[in-house]
Amino acid sequence: KTASSPTRASAILALHRVAERGQAGVVELLVAAGGADDAATKGAIQQVLPHLASKGDRRVLTALCQDARNDSSRVRLGAVIGLSALSERGDRSATAALCQAAQDSDSAVRKASVWALAAVAPRGDKAVIRQIATALEDPIPEVRVAGVSAILPLSTTGPQGKQELREVLVQLESCMRDTDSTVRSEAEYVAAMLSFDAHKDGAQQTSPATGARARPSLLDMPSPSPSPALSIPQ
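Residues numbered from 1 in each chain as written. Predicted model: local features only at pLDDT ≥ 70, side-chain atom pairs only at ≥ 80, totals over all residues. Heavy atoms only, no water.

**Student:** Explain the nonpolar core to me, please; I cannot follow it from the model alone.
**Tutor:** One broad trend across soluble globular proteins is that nonpolar side chains are buried collectively. By size, the foremost hydrophobic cluster in this structure holds 60 residues, and its most contacted members are Leu30, Leu83, Ile151 and Leu172. The element contributing the most residues to this core is helix 7 (residues 107–120), with eight residues. (Core = buried A, V, L, I, M, F, W, Y, C linked by side-chain atoms within 4.5 Å. Buried < 20%, exposed > 50% of the residue type's maximum accessible area, 1.4 Å probe, protein only. Helix = DSSP H or I, 4+ residues; strand = E, 2+ residues; numbered from the N terminus.)

Following this line, the structure appears as structure tokens:
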């Protein structure tokens, strides 16, 4: 007799307590069980996979990328959080799935996707930068905060990196005038950090003819007190 959905979910959650990470057969079983249609089973699988699967496991990441397009917002959210936990930095398939999820109709999925992009996407990726720029204009303040916070881990050094971030930096200045105080605070902090990096880069570059320091090219402003630490949703 086929087990009911709650029974299957409970059995899957129990694996977290008895199985070891990478244990032979367990991850394969979870990936196969992930083909079930009910959200409860998928949700249970998504809860235990980050504890049992190895980072970068292609079978798991493929299943999570598929779940990121599920009809259930709960399943989509779980898939996004799983991709954030198990993807290596620069994984192209995970980045593409997260960019799509960052446009989700559910604000919780959008917010988690932007946080995940900050952890997973290749630095300086143009498609990701465009998605972050969109997040900065999201009607939900929490999504805008996630977008602002994603700028630092996605930025690259040198002239090419600054060029790729130009569109976002223009919007970042706008975020410093946001109606939400948390967005404003985080934007000021990120702008100050980018300015610090630019000053540091400029101090290392001197004119061959005069030995003068190169003028920093990025936001030149005093550094405010850092905003409260922000962490990816669990």
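**Student:** Quick question: what am I supposed to make of helix 8 (residues 126–135) here?
**Tutor:** Along an α-helix, a turn takes 3.6 residues, which lines up residues three or four apart on a common side. Of all the positions in helix 8, only Val128, Ile129, Gln131, Ile132, Ala133 and Ala135 are classed as buried. Residue Asp125 occupies the N-cap position of helix 8, its side-chain oxygen lying 3.0 Å from the main-chain nitrogen of Ala127. (Polar contact = N/O pair within 3.5 Å; in protein donor to acceptor, adjacent residues only side chain to side chain.)

**Student:** Sorry, what's going on with helix 7 here?
**Tutor:** End to end, helix 7 covers 20 Å across 14 residues, agreeing with the expected 20 Å (1.5 Å per residue, within 8%). Counting buried residues along helix 7, 10 of its 14 residues qualify, which places the element largely inside the surrounding structure. On its buried face, helix 7 is in contact with helix 5 (73–86), helix 6 (92–101), helix 8 and helix 9 (141–154). Two or three places before Ala108, at the opening of helix 7, Asp106 has a side-chain oxygen 2.8 Å from that residue's backbone nitrogen. (Expected span 1.5 Å × (residues − 1). Contact = heavy atoms within 4.5 Å.)

**Student:** I tried to follow the side chain of Thr95 on my own but got confused; where do I start?
**Tutor:** Note that Thr95 resides in helix 6. In this structure Thr95 comes out as buried when scored by relative accessible area, which is 5%. Look past the residues within four positions of Thr95 in its chain and what remains in contact with it is Leu117, Val120, Ala121, Pro122 and Val128.

In short, geometric facts, not functional conclusions.
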